[in-house]
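Notes for the structure review
These are the residues of each chain, in order.
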Amino acid sequence: MSDAPIAGEAMSGGVLVINSGSSSIKFALFDQQLVKRLSGMAEEIGGASRLTVDGVSEARSLVDHQAALAAIFASLQQKGVEPSRLKA
């Protein structure tokens, strides 16, 4: 997917699925019709961390799971998705 915003009426009330492990967090965002809109992961949390969103990966300093979730939420906001309007 591109960096174009994916927000709008279709994403209001979208579903964010999170799978947290000991050193990674995987996530997927679905619209109200349960169509996957984007996915990604924060990996090697606490080490040589990377954040991948929609296939685009970058090295990030993710010292703990809290920092990883903050980076994931910031990435969603950059794509026009307001995390507070999602269901989990």
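So, here's what we can say about the structure. (Residues numbered from 1 in each chain as written. Predicted model: local features only at pLDDT ≥ 70, side-chain atom pairs only at ≥ 80, totals over all residues. Heavy atoms only, no water.)

1. What about the pattern of salt bridges?
Overall, the coordinates contain 1 salt bridge when judged by the stated rule. Between R60 and E58 there is a salt bridge, with the nearest N and O atoms lying 3.7 Å from each other. For E58, a relative accessible area of 42% gives the class partly exposed. (Salt bridge = Lys/Arg side-chain N within 4 Å of Asp/Glu carboxyl O. Buried < 20%, exposed > 50% of the residue type's maximum accessible area, 1.4 Å probe, protein only.)

2. Digging into unusual backbone geometry
At E44, a residue that is not glycine, the phi angle is positive and equals roughly 55°. Within the secondary structure, E44 sits in the loop between β3 (36-43) and β4 (50-53). If you check the backbone angles, D54 has positive phi at about 50° while not being a glycine. Its place among the elements puts D54 in the loop between β4 and β5 (56-59). On the basis of relative accessible area, D54 is assigned to the buried category, the value being 17%. (Helix = DSSP H or I, 4+ residues; strand = E, 2+ residues; numbered from the N terminus.)

3. Describing the sheet that holds strand β2 (residues 24-30)
An order of β1-β2-β3-β4-β5 is seen for the 5 strands of this open sheet, with the pairing classed as antiparallel. In the strand order of this sheet, the two ends are held by β1 (15-20) and β5, each with one partner. When strand polarity is set aside, the average angle formed by the axes of neighbouring strands in this sheet is 10°. Taken together, the 6 bridges between β1 and β2 define a ladder with antiparallel strand orientation. By the bridge assignment for β2, L16 is matched with L29. Running at roughly 25° to β2, helix α1 (residues 65-78) makes contact with β1, β2, β3 and β4 of the sheet. (Pairing = 2+ DSSP bridges. Axes fitted to C-alpha atoms, helices over the stretch in contact; angles between N-to-C directions. Contact = heavy atoms within 4.5 Å.)

So yeah, pure geometry; function would need other evidence.
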